[in-house]
Amino acid sequence: HEADAYRTDLMTITRYVLNEQSKHPESRGDFTILLNHIVLGCKFVCSAVNKAGLAKLIGLAGETNIQGEEQKKLDVLSNEVFVKALVSSGRTCILVSEEDEEATFVEPSKRGKYCVVFDPLDGSSNIDCGVSIGTIFGIYMMKDSHEPTIDDVLQPGRNMLAAGYCMYGSSCTLVLSTGSGVNGFTLDPSLGEFILTHPNIKIPKKGKIYSVNEGNAKNWDGPTGKYVEKCKFPKDGSSPKSLRYIGSMVADVHRTLLYGGIFLYPADKKSPNGKLRVLYEVFPMSFLMEQAGGQAFTGKQRALDLVPKKIHERSPIFLGSYDDVEEIKALYAAEE
Ligand code: AHG
Ligand code: MN
Ligand code: MN
Ligand code: MN
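It should be emphasised that the depicted structure is a prediction, and the values quoted were computed from it without experimental measurement.

S.K.: Report on the overall build of the chain, specifying residues and quantitative values.
M.R.: Each helix and strand in the chain was counted, giving eight helices and 15 strands. For the chain, the C-alpha radius of gyration of 20 Å lies close to 20 Å, the compact-globule estimate for 336 residues. Over its C-alpha atoms, taken along the principal directions, the chain stretches across nearly 60 × 55 × 45 Å. Across the 336 residues that make up the chain, the buried fraction comes to 53%. Within the chain, contacts between residues at least 6 apart in sequence are counted, and of these 63% link residues at least 24 apart. Of the accessible surface of the chain, which amounts to about 15,000 Å², a share of 55% is contributed by carbon and sulfur atoms. Distance between charge centres in the chain, computed from 38 positive and 42 negative side chains, equals 3 Å.

Structure representation (structure tokens):
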């Protein structure tokens, strides 16, 4: 009987957000409308990714982005879809995308009060081989009701109102936090709706998995090298951790969130700020980890306290289970 009730009482992401909104009587539903447009973008990219192999959507677009990366057709397509969906929502004033060198300032007639930073397609190197990829986003409120300026998106991650990602894998899963916990929704393609499947996600306090690109080991700094060594050859007689590295941040973070453990993209001699971008990779994933009871550290400070100076700024990142990140913090503190 209980199971039947669950099946007919569908908690869709729209209903979930409306419930959240009802906690803010002053809100006029703008956030709900914004989120619905982000969800629309995710549904579109999900269907494009699923057809990619067939619709000749794999392979290079023949251009390179500000990051100096060759853009894949899906990078470009998903970026266009999200920009158009966000502008048409009428609730945004500034957009920052990994794929656009400059921020997009929405024209006054379509302007709203939210700033959205996003990585339209994360894990591009995995597109052509069918390994899970995703979309990552974060939402700020503009600083105050003035003419929008770039400072509205150069805010510390702790100022984000919401953050989330959508993973396009064996199923399409959207993980979202609006500041009161983390919830996971799975797309039911027959309904075209995201249904609540992972309520109130909490990351295990400690994990048995570490996730890093060991190919960069030659260039790591001392504390990172020591930490990974400890994972492989524990001194306290505990068993070594397992290494799992997919190479799509969304997939590595999703596994870390559900199973526990630590994900690291450290600085190295070649890239002193690491590889991952602060606004639309580090901040949203750090926001989610803290909301799920984990933590996120840059090697110097709490990741969400970083104040970016440029929209494509990078930072080293260590995030995941609370106790695991504590260990790496202790190693960096000992180094000071
Ligand atoms: P993107 O495809 O959006 O440029 O991001 C790729 C990132 C991230 O998804 C992943 O964690 C990381 O690149 C993997 O980098 P390496 O291949 O250097 O390990
Ligand atoms: Mn890229
Ligand atoms: Mn990315
Ligand atoms: Mn990307």
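More follows now that the structure is in view.
S.K.: If you had to explain the state of the cysteines to someone new, which residues and values would you point to?
M.R.: Evaluated as defined, the whole model comprises zero disulfides. For the unlinked cysteine C93, the closest cysteine sulfur is that of C115, found at 3.8 Å. On the basis of relative accessible area, C93 is assigned to the buried category, the value being 0%.

S.K.: Residues and numbers for the coordination of the manganese ion (ligand 4), please.
M.R.: At the metal site, the manganese ion (ligand 4) is ligated by E98 (OE), D119 (OD) and L121 (O), and these contacts range over 2.0 to 2.2 Å. Mapped onto the sequence, the donors of the manganese ion (ligand 4) take the spacing E-x20-D-x1-L. The metal-metal distance between the manganese ion (ligand 4) and the manganese ion (ligand 2) is 3.7 Å, with E98 serving as a donor to both. On the criterion of sequence distance, the pair formed by E98 in the loop between β3 (92–97) and β4 (104–105) and D119 in strand β5 (residues 111–122) is long-range, its members being 21 residues apart. Taking the relative accessible area as the measure of exposure, E98 reaches 3% and is therefore buried.

S.K.: An account of the sheet that holds strand β10 (residues 193–198) is needed here, citing residue identities and associated values.
M.R.: Read from one edge to the other, the open sheet built from eight strands follows the order β4-β3-β5-β6-β7-β8-β9-β10, with strand pairing classed as mixed. Looking at strand neighbours, the two that pair on one side only are β4 and β10, the edges of this open sheet. Across seven bridges, strand β6 (residues 133–141) lies against strand β7 (residues 162–168) in antiparallel orientation. Bridge pairing in β7 places G134 opposite M167. Contacts from helix α4 (residues 73–88) reach β3, β5, β6 and β7 within the one sheet, and its direction differs from that of β5 by about 165°. Packing of helix α6 (residues 249–259) onto the sheet brings it into contact with β5, β6, β7, β8 (172–177) and β10, and relative to β7 it is tilted by some 105°.

S.K.: Now, about the site of ligand 1: what can you tell me, with residues and values included?
M.R.: Close to ligand 1 lie 18 residues; D122, G123, S124, Y245 and Y265 are nearest. Here an oxygen atom of ligand 1 and a side-chain polar atom of E69 are 3.4 Å apart. A distance of 2.9 Å is found between an oxygen atom of ligand 1 and a backbone nitrogen or oxygen belonging to M249. Those elements giving two or more residues to the shell around ligand 1 turn out to be β5 and β13 (262–265). The element that contributes the greatest number of residues to the shell around ligand 1 is β5, accounting for three residues. Across the shell around ligand 1, the residue classes break down as six nonpolar, five polar and seven charged.

S.K.: Help me get a handle on the coordination of the manganese ion (ligand 3), residues and values and all.
M.R.: Think of it this way: four donors in a tetrahedron around the metal ideally sit 109.5 degrees apart, and six in an octahedron ideally sit 90 or 180 degrees apart. The manganese ion (ligand 3) binds to the protein through D119 (OD), D122 (OD) and E281 (OE), with metal-donor distances spanning 2.0 to 2.1 Å. Ordering the donors of the manganese ion (ligand 3) by residue number gives the pattern D-x2-D-x158-E. We classify E281 as buried; its relative accessible area is 2%.

S.K.: Go over the nonpolar core, please, and point to the residues and values.
M.R.: If you look at the biggest cluster of nonpolar residues, it comprises 40 residues, and the most contacted ones within it are I13, I139, Y168 and F194. For this core, the leading source of residues is helix α3 (residues 30–51), giving ten residues. One finds Y265, V282, L288 and I317 within the second-largest nonpolar core, a separate group that totals 24 residues.

Basis of the calculations
- Residues numbered from 1 in each chain as written.
- Chains lettered and ligands numbered in written order.
- Predicted model: local features only at pLDDT ≥ 70, side-chain atom pairs only at ≥ 80, totals over all residues.
- Heavy atoms only, no water.
- Helix = DSSP H or I, 4+ residues; strand = E, 2+ residues; numbered from the N terminus.
- Rg over C-alpha atoms; globule rule 2.2 N^0.38 Å.
- Buried < 20%, exposed > 50% of the residue type's maximum accessible area, 1.4 Å probe, protein only.
- Contact = heavy atoms within 4.5 Å.
- Areas by Shrake-Rupley, 256 points an atom, 1.4 Å probe, with all protein chains shown as cover.
- Lys, Arg positive; Asp, Glu negative; His and termini not counted.
- Charge placed at Lys NZ, Arg CZ, Asp CG, Glu CD.
- Disulfide = S-S within 2.5 Å.
- Donors = N, O, S within 2.8 Å, 3.2 Å for Na, K, Ca; no water.
- Pairing = 2+ DSSP bridges.
- Axes fitted to C-alpha atoms, helices over the stretch in contact; angles between N-to-C directions.
- Near = heavy atom within 4 Å.
- Polar contact = N/O pair within 3.5 Å; in protein donor to acceptor, adjacent residues only side chain to side chain.
- Nonpolar A, V, L, I, M, F, W, Y, C, P; charged D, E, K, R; others polar.
- Core = buried A, V, L, I, M, F, W, Y, C linked by side-chain atoms within 4.5 Å.

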